[in-house]
Amino acid sequence: DGGITQSPKYLFRKEGQNVTLSCEQNLNHDAMYWYRQDPGQGLRLIYYSQIVNDFQKGDIAEGYSVSREKKESFPLTVTSAQKNPTAFYLCASRSGTSVGDTQYFGPGTRLTVL
Amino acid sequence: LAKTTQPISMDSYEGQEVNITCSHNNIATNDYITWYQQFPSQGPRFIIQGYKTKVTNEVASLFIPADRKSSTLSLPRVSLSDTAVYYCLVDRRGGKLIFGQGTELSVKP
C-alpha cells in the first residue's frame, strides 16, 4: 500500500525533553510538510522540504527542527525550546510544488508533554 | 498567500444537499482552489480541486464563479458520516498551503 506513515500515534514526554516524530512516505513524492494542529484550530505549517537535503521554515518553526536526508523520510524534532509542544502533529507529502499537485496527509501523532 | 474565509459551523440533516461557501478575494491568476475534509484525530483528506467554473467528482461538486473570488463546495445528500471539518485553501505554485479554521459541518438524523 502506498501512503504516509507516522509513528507513534500517541506520544508522551516529560517537559524539557526533546522528542522526534517520525514521518515516512512511499509515494515517491518530492515535497514533505509538517503541520501542527491545536484543538478547534486549523493546521499551521512548521517546516517543509521541497527536495532532499533542503528545507524551509514555515509559520511557526521556533522550537522545532527537521532533517531531510532521504526522499522518503522527514523527521520532526520537538525541542525543549518549544514552549507549548502539546498538540496534534500532521505530516504530509506532495508529488511536486506545481499548482494542482494534491497534498496527502498521514494519520498524525498526538504529542502530550507532561 | 490568499486568505480564505468560510463559516465557522453549519448544521444539516441527513439526505439534504449542503453548500459551503468560501471567499478568497486575493486569489491570484495561477492559484487553484482546494477543499479538504478532516475527521477528529485524523489527517485531512483531499476532496476536490478546481480552477474555474464547475468540477464534479464522486463525492462533491465545486462551483467557482468567473471572478474566482469565492467558491462553493456542494455535498449532495449528506449522511451522518459527512460530519467533519471542511477546509477551503488556495493553492499557489511553491507548494505552501495555508489552512484557515475550516467549517464544522454537523449532520443530524
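So, here is what we can say about the structure in this document. Just so we're clear, the structure is a prediction, and the values are computed from it rather than from any experiment.

Each helix and strand in chain A was counted, giving 0 helices and 11 strands. Each helix (α) and strand (β) of chain A, taken in turn from the N terminus, gives the series β-β-β-β-β-β-β-β-β-β-β. For 114 residues, the compact-globule estimate of 2.2 N^0.38 gives 13 Å, and chain A sits close to it at 13 Å. Along the longest, intermediate and shortest principal axes, the C-alpha atoms of chain A span 40 × 25 × 25 Å. Taking all 114 residues of chain A together, the buried fraction comes to 48%. Across chain A, every contact between residues at least 6 apart in sequence was considered, and the portion connecting residues at least 24 apart equals 52%.

Take the sheet that holds strand 7 (residues 70-75) of chain B next. Residues and elements named next belong to chain B. Strand order in this open sheet of 4 strands is 2-7-6-5, and the pairing throughout is antiparallel. This sheet does not close on itself; its edge strands, each paired only once, are strand 2 (18-23) and strand 5 (53-56). Averaged over all pairs of adjacent strands, the angle between strand axes in this sheet comes to 15 degrees, irrespective of strand direction. Both strand 5 and strand 6 (residues 61-64) contribute to a ladder of 4 bridges, which runs antiparallel. From the neighbouring strand, Thr53 faces strand 6, where its bridge partner is Ile64.

Bringing the pattern of salt bridges into the picture now. Here the structure, examined in full by the defined rule, presents 5 salt bridges over all chains. Between Arg94 of chain A and Asp91 of chain B there is a salt bridge, with its nearest N and O atoms 2.9 Å apart. On the criterion of chain membership, the pair formed by Arg94 of chain A in strand 9 (residues 87-94) and Asp91 of chain B in strand 8 (residues 84-91) is interchain, its members lying in two chains. Neither Arg94 of chain A nor Asp91 of chain B differs from the other in exposure class; each is buried. A single salt-bridge network, built from bridges that share partners, covers Arg36, Asp38 and Arg44 of chain A.

Bringing the pairing of strand 1 (residues 4-7) of chain A into the picture now. Residues and elements named next belong to chain A. Burial along strand 1 is one-sided: Ile4 and Gln6 are buried, while Thr5 and Ser7, pointing the other way, are not. By the bridge criterion, 4 bridges tie strand 1 to strand 3 (residues 19-25) in an arrangement that is antiparallel. When the bridges of strand 3 are listed, Thr5 appears paired with Glu24.

Turning next to the interface of chain A and chain B. Taken together, the contact between chain A and chain B spans 26 residues of the former and 22 residues of the latter. Along the contact surface separating chain A from chain B lie 1 salt bridge. The interface formed by chain A and chain B includes 6 residue pairs in polar contact (both at pLDDT 80 or more). When residues of the side of chain A that touches chain B are traced back to their parent elements, those giving at least two are strand 4 (31-37), strand 5 (43-51), strand 9 and strand 10 (103-105) of chain A.

Moving on, we come to a nonpolar patch on the surface. Taken together, the side chains of Tyr10, Phe12 and Leu114 of chain A define a hydrophobic patch exposed on the protein surface, amounting to about 380 Å² of accessible area. Mapped onto the secondary structure, Tyr10 of chain A falls in strand 2 (residues 10-13).

Another point: the state of the cysteines. Residue and element names in this part refer to chain A. Under the counting rule described, the total for this entry stands at 2 disulfides over all chains. Across a sulfur-sulfur distance of 1.8 Å, Cys23 and Cys91 are joined as a disulfide pair. Taking the sign of the torsion about the S-S bond as the criterion, the disulfide between Cys23 and Cys91, at about -70 degrees, is left-handed. Of this pair, Cys23 sits in strand 3 while Cys91 sits in strand 9, and the two are 68 residues apart along the sequence. Of the two residues examined, Cys23 and Cys91, each falls in the buried class.

Moving on: the packing of aromatic side chains. By the definition in use, this model includes 12 aromatic pairs over all chains. Ring geometry for Tyr35 of chain A and Phe105 of chain A: centres 5.6 Å apart, planes at 40 degrees, overall tilted. Of this pair, Tyr35 of chain A sits in strand 4 while Phe105 of chain A sits in strand 10; the two residues are 70 residues apart in sequence, bridging distant segments of the chain. Taken individually, Tyr35 of chain A and Phe105 of chain A each receive the classification buried, so the pair is uniform in this respect. Relative to Phe55 of chain A, the ring of Tyr47 of chain A lies with its centre 5.9 Å away and its plane at 80 degrees, an arrangement referred to as edge-to-face. You can call Tyr47 of chain A buried: its relative accessible area is 7%. Three or more aromatic residues joined by ring pairs form one cluster here, namely Tyr33, Tyr35, Tyr48 and Phe105 of chain A together with Tyr36, Phe46, Tyr87 and Phe99 of chain B. Its guanidinium or amino end placed over the ring of Phe74 of chain A, Arg68 of chain A lies 6.0 Å from that ring's centre, counting from NZ or CZ. Lying over the aromatic face of Tyr51 of chain B, Arg68 of chain B brings its terminal NZ or CZ to 4.0 Å of the ring centre.

Rules of the game
Counting restarts for each chain: residues are numbered from 1 in the order of the written sequence. The order in which chains are written sets their letters, starting at A; the order in which ligands are written sets their numbers, starting at 1. Reporting of local features is limited, given that this is a predicted model, to residues whose pLDDT is at least 70; pairs of side-chain atoms are given and counted only at 80 or more, and all residues count toward the totals for whole chains, interfaces and linings. Based on all heavy atoms of the structure, the side-chain values leave hydrogens and waters out of the count. The secondary structure listing takes helices from DSSP runs of H or I that are at least 4 residues long and strands from runs of E that are at least 2 residues long, numbered from the N terminus. As defined in this context, the radius of gyration uses C-alpha atoms, and a globule is described by 2.2 Å times the residue total to the power 0.38. Relative accessibility decides the category of a residue: with a 1.4 Å probe and only protein chains considered, values under 20% of the type maximum give buried, values over 50% give exposed, and everything between is partly exposed. What makes two residues a contact is simply this: any of their non-hydrogen atoms within 4.5 Å. Whether two strands pair comes down to DSSP finding at least two bridges between them. What counts as an axis is a line fitted to C-alpha atoms, over the stretch in contact for a helix, and the angles between N-to-C directions run from 0 to 180 degrees. Think of a salt bridge as a Lys or Arg side-chain nitrogen and an Asp or Glu carboxyl oxygen that are within 4 Å of each other. In the analysis that follows, any N or O atom pair within 3.5 Å is treated as a polar contact, provided that within protein one partner can donate a hydrogen and the other can accept it, and provided that, for residues neighboring in sequence, both atoms belong to side chains. Patch membership requires more than 30% relative accessible area and the absence of a salt bridge. Residues of like charge join within 9 Å; the nonpolar side chains Val, Leu, Ile, Met, Phe, Trp and Tyr join within 5 Å. Computed by Shrake-Rupley with a 1.4 Å probe, the accessible areas treat only the displayed protein chains as cover when residues are assessed. The disulfide definition used here is simple: a pair of cysteine sulfur atoms within 2.5 Å. To pair, rings of Phe, Tyr and Trp, with the six-membered ring standing in for Trp, must have centres within 6.5 Å; the planes then decide the type, stacked if under 30 degrees apart, edge-to-face if over 60, and tilted in the middle. When the NZ atom of lysine or the CZ atom of arginine is within 6 Å of a ring's centre and also within 35 degrees of its normal, the charge is said to sit over that ring.

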